[in-house]
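# Analysis of the macromolecular model
Listed below are the residues making up each chain.
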Amino acid sequence: MADNQWGRRIKGFRKLKGMTQVEFAQRMNMSLSVLGELERGARKPSRSNLEQIAETLDVPFHEIAYKNQEEDLYV
């Protein structure tokens, strides 16, 4: 599932940066439950969410975004 691709990447980079879910959710100005849904793949992030996540984690957007190989687009 593509949504889980985002979740695994978000969680992995968050952990690499040494942030807890609580700390990251606060930095993102997002509820802990929404962050949990994103990391589990239960919620699809918007492009603006992905951009904010990449900025907050200080990683390039293309490292967070899932590339749709069929359309050659980051979504």
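Each remark here, short or long, concerns the structure printed above.
Let me sum up the structure you'll find in this document. Every chain is numbered independently, its residues counted from 1 as its sequence is written. Where local features are concerned, this predicted model is filtered to residues with pLDDT of at least 70; where side-chain atom pairs are given and counted, the filter is 80 or more; whole-chain, interface and lining totals use all residues. No hydrogens and no water enter the side-chain calculation; it runs on all heavy atoms of the structure.

## Details of the nonpolar core
- Throughout, nonpolar core names a set of buried Ala, Val, Leu, Ile, Met, Phe, Trp, Tyr and Cys residues whose side chains join them through atoms within 4.5 Å. Buried, partly exposed and exposed residues are distinguished by accessible area as a fraction of the type maximum, computed with a 1.4 Å probe on protein chains only: under 20%, between the cut-offs, and over 50%, respectively. The biggest cluster of nonpolar side chains holds 17 residues, and the ones touching the most others in it are Ile10, Phe24, Leu35, Ile53, Leu57, Val59 and Ile64.
- Every helix listed is a DSSP run of H or I at least four residues long, and every strand listed is a run of E at least two residues long, numbered separately from the N terminus. When residues of this core are assigned to their parent elements, the largest contribution, four residues, is made by helix 4 (residues 47–57).
- Whether two residues touch is decided by their heavy atoms; if any such pair falls within 4.5 Å, the residues are in contact. If sequence neighbours within four positions are ignored, Ile53 has contacts with Ile10, Phe24, Met28, Leu38 and Ile64.

## As for helix 2 (residues 21–28)
- For helix 2, the complete set of buried residues consists of Phe24, Ala25 and Met28. Mapping the buried residues of helix 2 onto a view down its axis gives an arc of 100°, with all of them on the same face. Exposed residues lying more than 90 degrees from the buried face of helix 2 are Gln26 and Arg27.
- In the stretch just after helix 2, Asn29 is the one whose phi turns positive, near 55°. Comment: arc refers to directions from the helix axis out to C-beta atoms.

## Examining the pattern of salt bridges
- For this analysis, a salt bridge means a side-chain nitrogen from Lys or Arg found within 4 Å of a carboxyl oxygen belonging to Asp or Glu. Summed over all chains, the structure comprises four salt bridges.
- Two residues, Glu23 and Arg27, come together in a salt bridge whose shortest N-O distance is 2.9 Å. With Glu23 and Arg27 both in helix 2, this residue pair falls four residues apart, about one helical turn.
- Assessed through its relative accessible area of 27%, Glu23 is described here as partly exposed.
- Where Glu51 meets Arg47, a salt bridge forms, and the shortest distance between an N and an O atom there is 3.2 Å. Of this pair, Glu51 and Arg47 both sit in helix 4, four residues apart, which is roughly one turn of that helix.
- A relative accessible area of 38% means that Glu51 is categorised as partly exposed.

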